[in-house]
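Observations on the model geometry
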Amino acid sequence: GNSVTQMEGPVTLSEEAFLTINCTYTATGYPSLFWYVQYPGEGLQLLLKATKADDKGSNKGFEATYRKETTSFHLEKGSVQVSDSAVYFCALSGGGGSNYKLTFGKGTLLTVNP
Amino acid sequence: EAQVTQNPRYLITVTGKKLTVTCSQNMNHEYMSWYRQDPGLGLRQIYYSMNVEVTDKGDVPEGYKVSRKEKRNFPLILESPSPNQTSLYFCASRGGQGSNEQFFGPGTRLTVL
């Protein structure tokens, strides 16, 4: 079945540092890929998504590119802020499984210090 | 405002005492689902519903029930809660084939003593 493996944290960075959170997936076919963010005490919010190979999703300075050849969807940001401190989840849907069900990675806690 | 609401947000209960966590969405979405979030395990799907009166098991359905009598509501029922159901629960909804974004509720933190 489908699965998602993401870099386990916690990740601690200083403000304005470069961020990479690795995510790889296993699926048949062509899944849709997502990054969700969970701020402290809140639910999950969609951060960005990509639905086909070589698509780049972007939002709030974050980017991720759908790489079919490496089955990856790494999250990057060039300059993190304290307000980016949150838990980040990589997820997929489709790809041999249901188009509705999300399969999540375990989450990566990011802490950004001033 | 488009949203998914859950109640209660926090609940402490004892083993065996039946409880219901409500979930409601105002986006006329057909698909709704429940997830639980546990440290080191990420989110795992409990149950889902493709439409009114259509429900099915997710990956971890044991000990839970759901119902979908109306399109907007999708309550999660724990008939006899146990300590291993202590977790953070999220309800989610999404529209039809044209959109693959899921909208999540704010979560319900449940503790079973």
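See the structure above.
Summary of the structure given here. All residue numbers refer to position in the chain's written sequence, counted from 1. In the order they appear in the text, chains get letters beginning with A and ligands get numbers beginning with 1. For this predicted model, a pLDDT threshold of at least 70 governs which residues receive local features, and a threshold of 80 or more governs which side-chain atom pairs are given and counted, while totals over whole chains, interfaces and linings are taken from all residues. Heavy atoms throughout the structure, all of them, feed into the side-chain values; hydrogens and water do not.

What to know about the pairing of strand β2 (residues 11–14) of chain A
All names here are of chain A. Selection rule: When accessible area is computed with a 1.4 Å probe and restricted to protein chains, residues below 20% of their type maximum are described as buried, those above 50% as exposed, and intermediate ones as partly exposed. The secondary structure listing takes helices from DSSP runs of H or I that are at least 4 residues long and strands from runs of E that are at least 2 residues long, numbered from the N terminus. Any two strands with at least two DSSP-identified bridges between them are counted as paired.
Where burial is concerned, the two faces of β2 differ: the one with V11 and L13 is buried and the one with T12 and S14 is not. In this structure, β2 lies alongside strand β12 (residues 108–113), joined through four bridges in parallel fashion. Bridge pairing in β12 links S14 to N113.

What to know about the environment of T108 of chain A
All names here are of chain A. Note the following rule: Working rule for contacts: check all heavy atoms of both residues, and any pair within 4.5 Å makes them a contact. Two N or O atoms form a polar contact when they lie within 3.5 Å of each other; inside protein one atom must be a possible hydrogen donor and the other a possible acceptor, and for residues adjacent in sequence the pair counts only when both atoms belong to side chains.
Relative to the elements of secondary structure, T108 occurs in strand β12. Taking the C-alpha atoms as reference, T108 lies 23 Å from G95; in sequence the two are 13 residues apart. Residues contacting T108, with those up to four places away along its chain left out, are Q6, M7, G9, V11, I21, A86, V87 and Y88. In this structure the side chain of T108 is engaged in a polar contact, spanning 2.3 Å, whose partner is the backbone oxygen of M7.

Regarding the pattern of salt bridges
All names here are of chain B. To be explicit about the condition: A pair is scored as a salt bridge if a Lys or Arg side-chain nitrogen falls within 4 Å of a carboxyl oxygen belonging to Asp or Glu.
By the definition in use, this model includes eight salt bridges over all chains. Two residues, E79 and K65, come together in a salt bridge whose shortest N-O distance is 2.9 Å. Separated by 14 residues along the polypeptide, E79 in the loop between β8 (76–78) and β9 (87–94) and K65 in strand β7 (residues 65–66) bring together distant segments of the chain. You can call E79 partly exposed: its relative accessible area is 36%.

By themselves these figures say nothing about function.
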